[in-house]
Amino acid sequence: MSSYVLKRLLILIPVLIGMTIIVFSIIHAIPGDPAETILGQKATEQSKEALRQQLGLNKPWLQQYFTYLGDLAKGDLGKSVRTKEPIAKEIMPYLAATLELTFTSMLFATFVGMNAGIISAWRQNSWFDYIIMVIALIGVSMPIFWLGLMEQWIFSIKLHWLPSIGRMDQRDPVESVTNLYIIDSIIAGRWDQLWTVMKHLVLPSIALGTIPMAIIARMTRSSMLEVMKSDYVRTAKAKGLSQFFVVYKHALKNASIPVLTVIGLQTGSLLGGAVLTETIFAWPGVGRYIFEAISSRDYPVIQSGILIIAFIFIVINLIVDLLYALIDPRIQYK
Amino acid sequence: MAEVTVKPNAAAPVMEEVSGPWRDAWRAFRKNKIAMIGLMIIIFFVVIALIAPLIAPFNYKDQQLMDRLKAPSSAHWFGTDDLGRDLFSRVLYGAGISLWVGFFSVIGSIVAGTALGIIAGYFGKWADMVISRLFDILLAFPSILLAIAIVAILGPSLQNALYAIAIVNIPTYGRLVRAKVLSLKNEEYITSAKAIGMKNMRILLSHILPNSLTPIIVQGTLGIATAIIEAAALGFLGLGAQPPEPEWGKMLSDSRQFIQKAPWTVVFPGVSIMLTVLGFNLLGDGLRDVLDPRMKN
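Residues numbered from 1 in each chain as written. Chains lettered and ligands numbered in written order. Predicted model: local features only at pLDDT ≥ 70, side-chain atom pairs only at ≥ 80, totals over all residues. Heavy atoms only, no water.

1. Examining the overall build of chain B
Quick note on the threshold: In DSSP terms, a helix is any run of H or I states spanning at least four residues, a strand is any run of E spanning at least two, and both are numbered starting from the N terminus. Should any heavy atoms of two residues lie within 4.5 Å, those residues are considered in contact. Per-residue and other accessible areas follow the Shrake-Rupley method at a 1.4 Å probe size, with only the shown protein chains counted as cover for residues. This count recognises Lys and Arg as positive and Asp and Glu as negative, with His and chain-terminal groups excluded. One atom stands in for each charge, and that atom is NZ of Lys, CZ of Arg, CG of Asp or CD of Glu.
Assigned secondary structure in chain B consists of twelve helices and zero strands. Moving toward the C terminus, one meets the helices and strands of chain B in the order α-α-α-α-α-α-α-α-α-α-α-α. Each of the three principal axes of chain B carries a C-alpha extent, and together these read 80 × 75 × 30 Å. Excluding contacts between residues fewer than 6 apart, the proportion of contacts in chain B whose partners are at least 24 apart in sequence is 69%. Summing over all exposed atoms, chain B offers an accessible surface of approximately 14500 Å²; the carbon and sulfur share of this is 65%. Side-chain charges in chain B split into 26 positive and 20 negative, and the spacing between the mean points of these groups amounts to 6 Å.

This is how it looks when you write it as structure tokens:
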């Protein structure tokens, strides 16, 4: 196992280097003068030169890259062109917002997806099964940004059930400690705000969680169907164990291995979807941070935002791989 | 009395029973209702895309500022948008854009991915090492984010969105082909082809490529669905199609501020994206069942 972990970590090195090269290249691959692209055509030569100095654009390419790597190693992500603030500091609250949203989305996707899949397999070819599979099929075909808009229209504008944008009631905010508002509200003992924070999470979490939910439901169903046919499940049934016990205890345990992989992979892909969801729900996360940076051509922010999300994505995939090896003893890594 | 069954035209069935891998697949495919529904949906949108200029009641650019944000009516089936443009016509024209981006970006990914996958799988060693790491790096980014990065470099336009989507999906096909080539490489018929002195290029083109085709077709069909959503997402973020192009994703982002007053401006383009994507997903799933049962989870 430890040699596998080591090998898995070694493979990451070229990937991380490649990642930094791609992200580093974003600003250098802009056709023409990057300083002019960022500041606009009306910018004076003086201000363009100042920006080139700040970004180190007038040094040789290779030297710039190594400076960039050195800065990254120190945790320095550069400064935002727009706000002049260090990005490493500025991005933290955005990152917390994204993590909170991603976590609740995945919770929704896993809970609903797995249960739907289990019941579908248990009652195979029933009406419930058909309805769940149709929903799952439509779910994977749904553009999440459109789903988000439809949710806002129905549940906020028409029914007034849930707030359509933001993270909490801004008129009476909770003091930020962790920037994870659920935890902040609990720390502050503000149960009223905890309730509004949770209400704000509902629509964006469902929008972001629908595709993983659909994929998890399909995976759980097919995995359960396979396991339900196996001898040990038949034995369990023959022993006279209750259906519920057989399905949720015996079968689920073995069926959950492929499902766990899917859950891990989907958690990673949620980070991409967050850009869209956060734009629609005015959710102040990294996705929105990147989107705003694109609109204002703030390239250092675009670079750092993409780098951070890609980095988290890699870490999640690594954890999934390791968990997979840990959970399933049948898997032998060479 | 002996019952006589007359077989009318006994020769005809022979024609139908001609078998071959593609005919067998088509026969199995026809029985797959879900896949057929998918195919119908796709044909429907392809036809719409082709005849949009003929059947659209208005030009997609025509602005009638007197008729801004009008609800669906007999004159404007899907209503009008904030510039008084006929939404029905715009949705019709939009079909062509989405299908075009979806299809050609996937073709691009397939061509590049297949070439790289074959080189990596067949020649192995350094080529495999470099190409596989390249795929790892591309897959280290959530795809929409990498597409955003590429468009941020190239500048926002429909064309660049297509390139970006094509690039981010290369590893999907590359890995698929590489794995297929690796498994084929040691087959006996490849060894014998080598033994009779066949050139590498000829082995690749006449033996390995045709045998890698099925998984590519299946993945490519599902890939068009993904590509259409990605293009719409880039359009929605303002990084894809630019006004006045009637791209569905762009239409959604232009109209979202009017959702309270004119929900139809958001409903119809969204439903169109969903149906088209659903069509390709259904067809892809069906093709997988028919062509390559082993790929099914």
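2. Focus: the layout of surface pockets
Residues and elements named next belong to chain A. Let me state the cut-off plainly: Buriedness for pockets is judged along seven lines, at least five of which must meet protein on both sides within 12 Å for an open set on the 1 Å grid over protein atoms alone, while cavities are sets there where a 1.4 Å probe fits but cannot get out, and lining residues have an atom within 4 Å of a point. Grid points are joined across faces, edges and corners, and a volume is the space filled by probe spheres set on the points. Throughout this entry, Asp, Glu, Lys and Arg are counted as charged residues, while Ala, Val, Leu, Ile, Met, Phe, Trp, Tyr, Cys and Pro are counted as nonpolar. The remaining residues, Gly among them, count as polar.
Of the pockets and cavities examined, the second largest pocket occupies roughly 450 Å³. As for the second largest pocket, its lining consists of 19 residues, and the residues nearest its centre are Q54, L55, G56, Y68 and D71. At the level of secondary structure, the elements contributing two or more residues to the lining of the second largest pocket comprise α1 (2-28), α3 (45-55), α4 (61-73) and α13 (299-327). Looking at the lining of the second largest pocket, the element that brings in the most residues is α4, giving four residues. Grouping the amino acids of the lining of the second largest pocket by side-chain chemistry returns seven nonpolar, eight polar and four charged.

3. Details of the environment of S176 of chain A
Residue and element names in this part refer to chain A. With respect to the secondary-structure elements, S176 resides in the loop between α7 (144-158) and α8 (181-188). Separated by 164 residues in sequence, S176 and L12 place their C-alpha atoms 35 Å apart. Setting aside residues no more than four positions away along its own chain, S176 makes contact with Y181 and D184.

4. Concerning empty space enclosed by the protein
Residues and elements named next belong to chain B. Counting across every chain of the model gives one cavity of 30 Å³ or more. Space inside the largest cavity adds up to approximately 40 Å³. Lining the largest cavity, in full, are D81, D82, R85, L87, R90, M251, D254, S255 and T265. The element best represented in the lining of the largest cavity is helix α11 (residues 248-255), accounting for three residues.

5. Observations concerning α1 of chain A
Inclusion rule: One less than the residue count of a helix, multiplied by 1.5 Å, gives the span that helix is expected to have. Relative accessibility decides the category of a residue: with a 1.4 Å probe and only protein chains considered, values under 20% of the type maximum give buried, values over 50% give exposed, and everything between is partly exposed.
Helix length check: α1 of chain A (27 residues) gives 40 Å between terminal C-alpha atoms against 39 Å at 1.5 Å per residue, within 8%. The set of residues buried in α1 of chain A consists of Y4, R8, L12, V15, G18, M19, T20, V23, F24, S25, I26 and I27 of chain A. In this fold, the buried residues of α1 of chain A make contact with α2 (34-39), α3, α4 and α13 of chain A together with α5 (125-139) and α6 (143-154) of chain B.

6. Structural notes on a nonpolar patch on the surface
All names here are of chain A. Worth spelling out the cut-off: To count toward a patch, a residue needs a relative accessible area over 30% and no salt bridge; like charges are then connected within 9 Å, while nonpolar side chains (Val, Leu, Ile, Met, Phe, Trp, Tyr) are connected within 5 Å. Throughout this description, the term salt bridge denotes a Lys or Arg side-chain nitrogen within 4 Å of a carboxyl oxygen of Asp or Glu.
Taken together, the side chains of L6, L10, I13, I17, I21, W61, L62 and F66 present a nonpolar region at the surface, about 800 Å² in accessible area. Listed by contribution, the elements that provide at least two residues to the nonpolar patch are α1 and α4. With five residues, α1 is the single largest residue contributor to the nonpolar patch. Note that L6 resides in helix α1.

7. Quick word on the packing of aromatic side chains
Think of a pair of aromatic rings as described by two things: how far the centres are apart, and how the planes are tilted against each other in angle. Residues and elements named next belong to chain A. For clarity, the threshold we go by: By convention, a stacked pair of Phe, Tyr or Trp rings (six-membered ring in the case of Trp) has centres within 6.5 Å and planes under 30 degrees apart, an edge-to-face pair has planes over 60 apart, and any other such pair is tilted. Counting as a charge over the ring demands two things of the Lys NZ or Arg CZ atom: a distance within 6 Å of the ring centre and an angle within 35 degrees of the ring normal.
Applying the stated criterion to the full structure yields 19 aromatic pairs over all chains. Plain terms: the ring middles of F24 and Y65 are 5.2 Å apart, the flat faces sit at 70° to each other, and that makes the pair edge-to-face. Of this pair, F24 sits in helix α1 while Y65 sits in helix α4; the two residues are 41 residues apart in sequence, bridging distant segments of the chain. Take F24 and Y65: they sit in the same class, and that class is buried. Members of the aromatic cluster, joined through ring pairs, are F24, W61, Y65, F66 and Y68. Over the ring of W122 we find R123; its NZ or CZ atom is 5.0 Å from the centre of that ring. One Lys or Arg, R167, reaches over the ring of Y181 and ends 3.7 Å from the middle of that ring.

8. Topic: the packing of helix α5 (residues 87-122) of chain A against α13 of chain A
All names here are of chain A. Quick note on the threshold: For helices, the axis comes from a line fit to the C-alpha atoms of the stretch in contact; other axes are also lines fit to C-alpha atoms, and the angle between any two N-to-C directions lies between 0 and 180 degrees. When an angle is under 35 degrees it counts as roughly parallel; over 145 it counts as roughly antiparallel; between 65 and 115 it counts as roughly perpendicular; any other value is oblique. Crossings are assigned a handedness: left-handed for a near helix turned anticlockwise from the far helix by less than a right angle, right-handed for a clockwise turn.
Here α5 crosses α13 at 55°, and the two axes come no closer than 11 Å. The angle between the axes of α5 and α13 places the two elements in the oblique class. Seen from above, α5 lies across α13 with right-handed handedness. On α13, the residues touching I87, I91 and L95 of α5 are P300, V301, S304, G305, I308 and I312.

9. Here we look at the interface of chain B and chain A
We apply this condition: Accessible-area loss on putting two parts together, using a 1.4 Å probe and summing over both, is the definition of buried area adopted here. Any pair of N or O atoms that falls within 3.5 Å is considered a polar contact. Within protein, one atom must be able to donate a hydrogen and the other to accept it, and sequence-neighbouring residues count only if both atoms are side-chain atoms.
Each side of the interface is counted separately: chain B has 38 residues, and chain A has 43 residues. For the pair chain B and chain A, the two sides together bury roughly 3600 Å², of which 83% comes from carbon and sulfur. It is F141, L145 and I153 of chain B in chain B that bury the most area against chain A; as a group they hold 16% of the surface buried on that side. At the junction of chain B and chain A, the tally comes to one salt bridge. A salt bridge links D285 of chain B to R218 of chain A; the shortest N-O distance between them is 2.6 Å. Here chain B is connected to chain A by five residue pairs in polar contact (both at pLDDT 80 or more). For the side of chain B that touches chain A, the secondary structure elements donating two or more residues are α5, α6, α10 (200-236) and α12 (264-291) of chain B. Looking at the side of chain B that touches chain A, the element that brings in the most residues is α12 of chain B, giving eleven residues. By residue class, the composition of the side of chain B that touches chain A is 30 nonpolar, four polar and four charged.

10. Side note on the side chain of K250 of chain B
When you line up the elements, K250 of chain B lands in helix α11. When sequence neighbours within four positions are dropped, the list of residues in contact with K250 of chain B reads G235, F236, A241 and P243 of chain B.

11. Thoughts on the packing of helix α3 (residues 33-55) of chain B against α12 of chain B
Between two packed helices, both the angle of their axes relative to each other and the distance between the axes serve to describe the pair. Residue and element names in this part refer to chain B. Viewed as axis vectors pointing N to C, α3 and α12 meet at an angle of 135°, and their least axial separation amounts to 7 Å. Judged on the interaxial angle alone, α12 and α3 are oblique. Where α3 crosses over α12, the two elements pack in a sense that is left-handed. Every residue of α12 that contacts α3 at I34, A35, I37, G38, L39, I41, I42 and F45 is listed here: S272, L275, T276, G279, F280, L282, L283 and G286. Here the residues of the contact of α3 with α12 sort into eleven nonpolar, five polar and no charged.

12. Points about unusual backbone geometry
Note the cis peptide between P243 of chain B and P244 of chain B, where omega equals 5°. Relative to the helices and strands, P244 of chain B resides in the loop between α10 and α11. Although it is not a glycine, N179 of chain A adopts a positive phi angle of roughly 70°. Among the structural elements, N179 of chain A can be located in the loop between α7 and α8. One non-glycine residue, R297 of chain A, lies in positive phi territory at about 55°. Residue placement: R297 of chain A occurs in the loop between α12 (286-295) and α13. Its relative accessible area of 41% is what places R297 of chain A among the partly exposed residues.

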